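Spelled out from the first residue to the last, the chains are:
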Amino acid sequence: MSEQPVAPPTPSEPDITANVTVTGSRAALLRDLAAVLGRTPESLAIEWAAGSLVIPTATIGETLGEDGWGLFDGPS
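Fair warning: this is a prediction, and the values are worked out from it, not measured in the lab.

Novice: Help me out: how do you make sense of the overall build of the protein chain in this one?
Specialist: From N to C terminus, the protein chain includes 2 helices and 0 strands. Here the protein chain, with 76 residues, has 13% of them falling under the buried criterion. Restricting to contacts in the protein chain with at least 6 residues of sequence separation, those with at least 24 account for 21%. Carbon and sulfur atoms make up 57% of the accessible area of the protein chain, which amounts to about 6600 Å² in all.

This is how it looks when you write it as structure tokens:
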């Protein structure tokens, strides 16, 4: 089976370039999470900017049960 060449984009389909900058505590959290997952902080920043990675704005104790983040220590 021969490979079909991929046609280059037409002039009506320009490239899209995007930059994501994360600072402060969110950047620190993304660096730590990337180290744990064995991924790059840049890839996690892109996922966060796209909305597929949710980072809570409060501490875990304050967001118990919200956004799937929280701790379980037994019956309430």
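Novice: Sorry if this is basic, but what is going on with the environment of S43 here?
Specialist: With respect to the helices and strands, the residue S43 is situated in helix α2 (residues 41-50). The sequence separation of S43 and L30 amounts to 13 residues, and the corresponding C-alpha distance is 9.5 Å.

Novice: What's the story with the nonpolar core in this structure? I'm lost.
Specialist: General note: in soluble globular proteins, nonpolar side chains tend to be found buried as a group. Core analysis: the biggest nonpolar cluster contains 8 residues, these being V22, A27, L30, A34, L44, A45, L53 and I55. If you list the elements that add at least two residues to this core, you get α1 (24-37) and α2. Among the elements that make up this core, the one with the highest residue count is α1 (3 residues). When sequence neighbours within four positions are dropped, the list of residues in contact with I55 reads R26, L29, L30 and W48.

Each value, and the rule that gives it
- Residues numbered from 1 in each chain as written.
- Predicted model: local features only at pLDDT ≥ 70, side-chain atom pairs only at ≥ 80, totals over all residues.
- Heavy atoms only, no water.
- Helix = DSSP H or I, 4+ residues; strand = E, 2+ residues; numbered from the N terminus.
- Buried < 20%, exposed > 50% of the residue type's maximum accessible area, 1.4 Å probe, protein only.
- Contact = heavy atoms within 4.5 Å.
- Areas by Shrake-Rupley, 256 points an atom, 1.4 Å probe, with all protein chains shown as cover.
- Core = buried A, V, L, I, M, F, W, Y, C linked by side-chain atoms within 4.5 Å.

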